[in-house]
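# Commentary on secondary and tertiary structure
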Amino acid sequence: MNTNRLTRAFFAAALCLGLPLGAQVAHAEQTATPAQLVAESLRPEIKRVAPRKLDVNIPLQVSYETGAVQHLDITPDGKWLAYTRIAGGYSELWLRSLDGTLSVLPRRIAPALADRLSPALSPDGKSLAFVGAEDDVKGDIYIQDLTRPDATPQRLTGRDTEDGAPCFSPDGGTLYFQQRRQGEGARHIVALSLSTLKATPRVIETGGDASAPAISPDGKTLAFVSARSGISAVYLVPTSGGAVRKLTTSQAQEATPRFTPDGRGVYFATVPYAAQGATAESLLAFSVLAVADVGGTQAPRILNTAKGASLEPMQSGSTLYFLASRSGQSNVWSLPPAGEIASRPAAEQLALADAVAAQLPVDRALAVLAYGKAAEAAGNTGPLAAKALLAQGRQFELMDLPEAAAQAFTSAGALNVQPESGFAHIRAALLGINKKYALALNDAGRRAALNGGRAQLELIAKQNADSPVAVQARLEEARLLLNSGLGSSSLLEGIHILDSLSKAGGEQAAEALYLKAEIYGRIGQGQAVLPLYARVIRNYPEQSQWADLAVQRVLDQSIAALGTGAKFEDQAQALSTISEQYRNDLPKLSLGALNRMGDVYYAADEWAKAKDAYRQALAQRSNDPNISTQLAAARLSLAEILYREERFHQALDLYETEMASRPYEDRLYRLAKAAHLRKSTAAGDYLLRIGEVPSARSIFAGLLREDTNYVPAHRGLIRASAALHTIPATLADYRHQLTAKPGDATLLYATGLCLTYLDGKAPLLEAHELISRAIMKNGQVEYFHQTLGYIDEVLETVHGERGKLEAALESYQRARFLNSREQNPENAANLDLNIGNIHFLLGQYSNAFEEYLARQASKVPFDNEETEILFYQRLGTSAFQARERDKPIEAFSKSLELVEKRIQPKYASEVFGRINKYVFDRIITPALGRADVAQKAKDLATRQSELNNQLFEISIKPAGPPPDKAWDAYAAGVRTLLASQERIIVDLPPLLKDDQETTMQTLGVMAGKVREALGFPPRFVQLRAELYDRLGLAYQEAGRWHEAREAFEKALEINTALGLNANLAANQRSVSYNAFMEAGLTTGTDRDRLLALSEAGFTRVPELVKKYGVADKQGGGRKKGLINIDLNVSLDKATSSQAAYGFSAEQETRLANTFLSRIATERGKPAQALGLVDKQLAPFGKGAVEPQDAFWRGSASAPGRIAGERVGA
Amino acid sequence: MKRLAIAFLALTVSGCTLAEVKVNVASERTSLENQILGSYNSLSEETLLVASVRGVDPLGHIQPPPKKSGEQQDAITAMQVLAFHADDIDAFKRLGWVGEDNQGLLRGFEMTRDKAPDDLKDFASRYGQKEFNAVVAEVNKARETVMRRAIELNANLTPADAPKVRGVFAKLAEDTAKPGDKIQLADGNWTVKR
């Protein structure tokens, strides 16, 4: 919502359709039923039920590929899906199970460094035909036996032909495909018998260009696509040869035909709404699915909305599958065969379309489809069809699709049903005029367009004399004159026209008055304007669209009269005066003025005064229905401010009040409902974060009272339960509910989610089973997949179950597809991180890097600093592995910066202090007032005070982080005091009246946190050393030797101080190497100094190797380094994953000697250099170098890079 | 008949008198009473913690109070208002100027000064009608906030439960009233506690 104009933003949303506010439509069947979930959260007095769902079929996503899926085929039993996806620059071929009861990972078929296209599964599912391009870039047909894992694909065509789009005959014995021979322009359909593969394919006579074959279930008819008439269209021909005929009468582009299972119809993709000038690109952008009967030549029936380029429809069982890019990337989706809107009587269809069009936010593509279905149901004739087509045209106009709108208006006009056909003619004429007007190059051209348009409108008015059509035509003519910008004479003409509309009634009269006021305003007749607007408000209050607009115009002009730059106080004063002046006469205007006053104050950051203004508006309650929009605006604006002030419950109550007064179909109800859901969830999450758990719980429970299936509320309730340590009770509750409704997807999920909060593997396995069942019931909820991914991730990273990371990745990807980044950016950021982590753990660093970049770009704050530190560390590592130059430096530097801030040597004292405060505030002080325990409390208070003093004493002594010796003394002191504290805690129970167990548990946790805090400084210092090492490496890769050397020197210094001796050789070598490289860029004494430094360092390396050895060579593995935003962050685990790449002891020593010989050469000591080389060559001569000591072992890099650039790795 | 034993603890914290109402279980209570009074007690405890001066950690740093939502802060402020006026309200009751109504609120009566006890004569003479009305209004506003917060803190209550919550608070006031205080019974009639 606009932050400065609350009520105006409200009106913008409410008026966005240009339709009357508060429009009501017929009630549809109730589909949402409230049910009790968490028993104690429910009361018998439920005021309202959840909104009814519109009776439309929402497409379900079937595949969740990150690379575009371009082709698909499905076995007739619906169990297997073959598809292609773009990955690594090629189109790969994959096979996966669609059977929800099978847990089978997708399998890549016939991998090759070439495109795999157009998969076709044989009816028995045992063979797969496809197009391959490895031998012929034009494409060859291959066939693969799927029953043998070791089978290789067999090529069926040669290089002399261009082959594509294979499909099997129903008996599986023949393969049909398109073919173009050398030197020919047109394509043919050919049939190849699979029993005699070597025979030449038979050409089927289609009478011209033919492609994309599909065979009817009885094998007798071939459907194909041909561009023979100039546009791509579907044709039919008997497979045995015969007459070719076009399937539909449509002039739209058509593609990818496929027969219905009963053979009576053909599905295909088409572009019905952009027929004129449609190109192949527009086919992709606006294509929808359609079906047409084979028997007759007729218009196709559209099945879905033009959202996301629908292609390749095919029915398997009772499901219609297709490709669409609805969620960004092209993937497989499904619908019932009836499409998004099932057939029903025309009147019901029209009512449904109106309901769809009245939604907020409105799905115009669905509204277009719904109105189209209504016209279709009415047989495209009669009043209902005319209404539907007119409304469809209006939707197209709002979608800025003028050609499609003109087509709909022309169709409505042709039905000759008044007044709809007349209105349609007017709209069509206006579209034409607008087009000409926009194309005009000068005033003369514009005047000509205007005059032509006026003539058209006058003709319509004349042809429909004394009817609303005539009035509307004149109104539009006046509006044309108003908007023409062609001078005052045009405006005066407009007034004359409006004055002549004496017979206008209702809305048209209101519109006429409003237009007149607008024209007077334009010609500067200010004194006439306000009375006209006032007449609109007074005389036509029920025409809320015009009355509300008039209110806004009056207020705009009143404020404008104060001059630009008027103080907000003056504006508010003027508005207050208007409100008072019209309080009784024009309550709508009076309320509007108060609302605007609220807006003015709000924009000036005077929230208290803004609230007063809105409250004043609400106080003017009345039963007058005509002011309901103003009251709603006041209520929702007040709610917005209260929400921002974190007075969540009051804000939510206002939304509730607004909703309670309206039927669900009402757009204001939907506006309030959407805000209520979004804000309730966000408020609950916020309150949980700041620890106001009961309040958060109350909000989530409130949401569940309205809709027991609202998954975010269940998640919130369960998180609250975890915070209150009541998961076992909540779990028992959900289990109880599940017993009553064993198939309820939400309950299955919630029970599973509760289980993930318990320790051990068994609860996780049960959670996995329950959530998998939930997904089988309803696979469209992102959280279901997200939690399943989390469980799989933990099962592998914590419990060592192999193969689970891949499953987790797939689940997270599904969740991300289902999650709306716009609506839920926080969750999108979580999923980016989750997916990045899995790629990281799988060693797929480029992918991890991309995901981490997306997480970083989201700018969503991290839950805690540890997660952020680890995130940047991993971002740096994956960027480094992806050969990025600057990003690793940036990421490691950021991680280091956060670590530096986080190293607080005496953090344990802060945590300890909280125990002291808790004991005093919550236990001892209340007990002091109880006579029965006062003495005991006093004794304990003395002990606690003494302990606190001792803590203060040891805390104020200076001590740096480890390895500072003073820190060791500090840590030992804290440990001793903690033991004393625990002795005090043991003596506290007699002072406790209620909740002894919880209090003791809390104190136990607090003591544990002190111990944990003592562990932080050493861990962070160690992490700091490692990060300096990583940063040094990143600088080194970027050729910034000086910074690299400094970073490695820091790492060496810290590791030396910490006694992490195994790292010293590598650190020393890196320092020396970078000093050597830096020397190469300098001259004179600087060069000498650096070479000396390098020499001294490399001389020291063998000593360090001998004394301390080297760090383990193994890099991070898939079991290491789990990090998940839902998990406690473990820095130890995570940072070890990629930290220990390096060389063997032998390699380190040899490397040092190599550089020492180079340095000797550089410093003009050839004899010394030669001696060192000889020393190194000696073992090779004897064959004494072990394989593990060769440089190419143990590194992901090519051998050639080791000795040089990556020597610091 | 459920009886509630109420103990008042007057604590002097940072120079401000805070009346902490701790409701102890003396006999069985209804579930609703338990929930509401539980919320009230936790709010009371929170108010005490906010006022605590021990906001300094062992390193000598002043610990900022934990972040609170606007609505929680409103409730704490309301509790502080109630505590601030607690002595005056006690005096008003002894003077017969206010009584506890059956909606959990104070109801003002005529400010008669002639029968004021000796220790309140000076007090009674200093108070004007305007100031008296302001105090009663402020206390009632704070009580409304606290009652609303009690609903907000209970997952199984909604604003529609406000009458029940008022009833519980009225009952609490009735039980804690001292002999001579005016109270309004559930049937709307006024009486004087014996």
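Look above for the structure.
Everything numeric in this text was worked out from a predicted model, so none of it was measured.

## Some details on the overall build of chain A
When you go through chain A residue by residue, the secondary structure sums to 41 helices and 24 strands. Summing over all exposed atoms, chain A offers an accessible surface of approximately 50,800 Å²; the carbon and sulfur share of this is 52%.

## Things to note about the interface of chain A and chain B
Of the residues lining the interface, 37 residues belong to chain A; the matching set on chain B comes to 32 residues. Taken over both partners, the interface formed by chain A and chain B buries close to 2,900 Å², and the fraction arising from carbon and sulfur atoms is 50%. Among the salt bridges present, the one from Arg 647 of chain A reaches Asp 74 of chain B, with a minimum N-O distance of 2.3 Å. Between the two partners, chain A and chain B, sit 14 residue pairs in polar contact (both at pLDDT 80 or more). Listed by contribution, the elements that provide at least two residues to the side of chain A that touches chain B are α18 (648–660), α19 (667–689), α20 (693–706), α31 (907–928) and α32 (934–956) of chain A. With nine residues, α31 of chain A is the single largest residue contributor to the side of chain A that touches chain B. Its residues assigned to classes, the side of chain A that touches chain B comprises ten nonpolar, eleven polar and 16 charged.

## Comments concerning unusual backbone geometry
Both trends apply: most residues other than glycine have a negative phi, and most peptide bonds are in trans. Residue and element names in this part refer to chain A. The peptide bond linking Gln 418 to Pro 419 adopts the cis configuration, its omega dihedral lying at 5°. Mapped onto the elements, Pro 419 comes out in the loop between α6 (402–414) and α7 (420–439). With an omega of 15°, the peptide bond between Pro 962 and Pro 963 qualifies as cis. Relative to the helices and strands, Pro 963 is located in the loop between α32 and α33 (965–986). Of note, the phi angle at Ser 118 is positive, near 45°, even though the residue is not glycine. Examined against the element boundaries, Ser 118 turns out to sit in strand β6 (residues 116–121). The residue Glu 312 is not glycine, and still its phi comes out positive at about 50°. Summarising the element assignment, Glu 312 is placed in strand β22 (residues 311–316). The buried category is assigned to Glu 312, whose relative accessible area is 15%.

## What about the pattern of salt bridges?
All names here are of chain A. Counted under the stated rule, the structure contains 80 salt bridges over all chains. In this structure, the salt-bridge partner of Arg 1069 is Glu 1148, at a minimum N-O distance of 2.4 Å. Placement of Arg 1069 in helix α36 (residues 1064–1079) and of Glu 1148 in helix α39 (residues 1145–1162) is noted, with a sequence separation of 79 residues between them. The exposure classification of Arg 1069 matches that of Glu 1148, with both residues buried. Several salt bridges share partner residues, and in doing so they unite Glu 65, Arg 85, Glu 92, Arg 96, Arg 108, Glu 810 and Arg 814 into one network.

## Quick word on the packing of aromatic side chains
Residue and element names in this part refer to chain A. Under the definition given, this model contains 27 aromatic pairs over all chains. Summarising the aromatic geometry, the rings of Tyr 643 and Phe 648 are spaced 5.2 Å apart at their centres and angled 65° between planes, so their arrangement reads as edge-to-face. For Phe 648, a relative accessible area of 3% corresponds to the buried category. Ring plane angle 90° and centroid distance 5.5 Å describe the contact between Tyr 852 and Phe 871, whose orientation is recorded as edge-to-face. Placement of Tyr 852 in helix α28 (residues 845–858) and of Phe 871 in helix α29 (residues 865–881) is noted, with a sequence separation of 19 residues between them. With respect to class, Tyr 852 is no different from Phe 871; both count as buried. Put simply, the rings of Phe 840, Tyr 845, Tyr 852, Phe 862, Phe 871 and Tyr 872 pair up and form one aromatic cluster. The side chain of Arg 228 reaches across the aromatic face of Tyr 235, ending 4.8 Å from its centre. Its end group placed over the ring of Phe 862, Arg 855 keeps NZ or CZ at 4.0 Å from the ring centre.

## Some points on the nonpolar core
Residue and element names in this part refer to chain A. Ranked by internal contacts, the top residues of the largest apolar core, which has 137 residues, are Leu 498, Leu 589, Tyr 749 and Phe 784. Each residue touching Leu 498, except ones within four places of it in the same chain, is listed here: Leu 475, Ala 478, Ala 512, Leu 515, Lys 516 and Ile 519. Core analysis: the second largest hydrophobic core is formed by 94 residues, Phe 849, Ala 1007, Phe 1098 and Val 1105 among them.

## Quick word on the environment of Thr 152 of chain A
Residues and elements named next belong to chain A. Assignment of secondary structure puts Thr 152 in the loop between β8 (140–145) and β9 (154–155). For Thr 152, a relative accessible area of 62% translates into the label exposed. Distance from Thr 152 to Ile 109, taken between C-alpha atoms, is 9.3 Å for residues 43 residues apart in sequence. Apart from the residues within four sequence positions on either side, Thr 152 is in contact with Ile 143 and Gln 144.

## Quick word on the sheet that holds strand β18 (residues 254–259) of chain A
All names here are of chain A. Spatially, β18-β19-β20-β21 is the arrangement adopted by the four strands of the open sheet, whose pairing is antiparallel. Looking at strand neighbours, the two that pair on one side only are β18 and β21 (301–302), the edges of this open sheet. Examined bridge by bridge, β18 and strand β19 (residues 265–270) share four bridges and lie antiparallel to one another. Bridging from a neighbouring strand, Arg 258 pairs with Tyr 267 of β19.

## As for the packing of helix α2 (residues 70–95) of chain B against helix α3 (residues 118–126) of chain B
All names here are of chain B. Where α2 contacts α3, the axes come no closer than 11 Å and their chain directions differ by 110°. Here α2 lies roughly perpendicular to α3, going by the angle between them. Residue-level contacts link Asp 88, Ala 91, Phe 92, Arg 94 and Leu 95 of α2 to Asp 119, Leu 120, Phe 123 and Ala 124 of α3. Across the contact of α2 with α3, the residue classes break down as six nonpolar, no polar and three charged.

## Details of the sheet that holds strand β7 (residues 127–132) of chain A
All names here are of chain A. Spatially, the four strands line up as an open sheet ordered β6-β7-β8-β9, and their pairing is antiparallel. Two strands close off the open sheet at either side, each with one partner strand: β6 and β9. Bridge count between β8 and β9: two bridges; the pairing is antiparallel. Within the sheet, the bridge partner assigned to Ile 143 lies in β9 and is Gln 154.

## Some words on the pairing of strand β11 (residues 174–181) of chain A
Successive side chains on a regular strand alternate, one facing one side of the sheet and the next facing the other. Residues and elements named next belong to chain A. Most of β11 sits out of view: six of its eight residues are buried. Where strand β10 (residues 161–168) and β11 come together, six bridges link them in antiparallel fashion. Bridge pairing in β11 links Thr 161 to Arg 181. Count of turn residues in the β10/β11 antiparallel hairpin: five residues, of which Gly 172 carries a positive phi of about 80°. Bridge count for β11 against strand β12 (residues 188–193) is six bridges, and the pairing is antiparallel.

## Side note on the side chain of Gln 349 of chain A
Residue and element names in this part refer to chain A. Assignment of secondary structure puts Gln 349 in helix α3 (residues 346–357). In this structure the side chain of Gln 349 is engaged in a polar contact, spanning 2.9 Å, whose partner is the side chain of Arg 344. Not counting residues within four places of it along the chain, the set of residues in contact with Gln 349 comprises Ile 341, Ala 342, Ser 343, Arg 344, Ala 370, Lys 373, Ala 374 and Ala 377.

## Quick look at the environment of Ile 1054 of chain A
All names here are of chain A. Of note, Ile 1054 is situated in helix α35 (residues 1041–1058). For Ile 1054, a relative accessible area of 10% puts it in the buried group. Separated by 33 residues in sequence, Ile 1054 and Val 1021 have C-alpha atoms that sit 7.7 Å apart. The contacts of Ile 1054, once residues within four sequence positions are left out, are Val 1021, Arg 1024, Ala 1025 and Tyr 1028.

## Quick look at helix α16 (residues 607–619) of chain A
Residue and element names in this part refer to chain A. For α16, built from 13 residues, the straight-helix expectation of 18 Å at 1.5 Å per residue is met to within 8% by its first-to-last C-alpha distance of 18 Å. Of all the residues in α16, the buried ones are Ala 610, Lys 611, Ala 613, Tyr 614, Ala 617 and Leu 618. Looking down the long axis of α16, one finds its buried residues gathered within 160° of arc, a one-sided arrangement. For α16, the exposed residues set more than 90 degrees away from the buried face come down to Ala 608 and Ala 619.

The rules behind each value
Residues numbered from 1 in each chain as written. Chains lettered and ligands numbered in written order. Predicted model: local features only at pLDDT ≥ 70, side-chain atom pairs only at ≥ 80, totals over all residues. Heavy atoms only, no water. Helix = DSSP H or I, 4+ residues; strand = E, 2+ residues; numbered from the N terminus. Areas by Shrake-Rupley, 256 points an atom, 1.4 Å probe, with all protein chains shown as cover. Contact = heavy atoms within 4.5 Å. Buried area = accessible area lost by both parts, 1.4 Å probe. Salt bridge = Lys/Arg side-chain N within 4 Å of Asp/Glu carboxyl O. Polar contact = N/O pair within 3.5 Å; in protein donor to acceptor, adjacent residues only side chain to side chain. Nonpolar A, V, L, I, M, F, W, Y, C, P; charged D, E, K, R; others polar. Buried < 20%, exposed > 50% of the residue type's maximum accessible area, 1.4 Å probe, protein only. Phe/Tyr/Trp six-rings, centres within 6.5 Å; stacked < 30°, edge-to-face > 60°. Lys NZ or Arg CZ within 6 Å of the ring centre and 35° of its normal. Core = buried A, V, L, I, M, F, W, Y, C linked by side-chain atoms within 4.5 Å. Pairing = 2+ DSSP bridges. Axes fitted to C-alpha atoms, helices over the stretch in contact; angles between N-to-C directions. Parallel < 35°, antiparallel > 145°, perpendicular 65-115°, else oblique. Expected span 1.5 Å × (residues − 1). Arc of directions from axis to C-beta.

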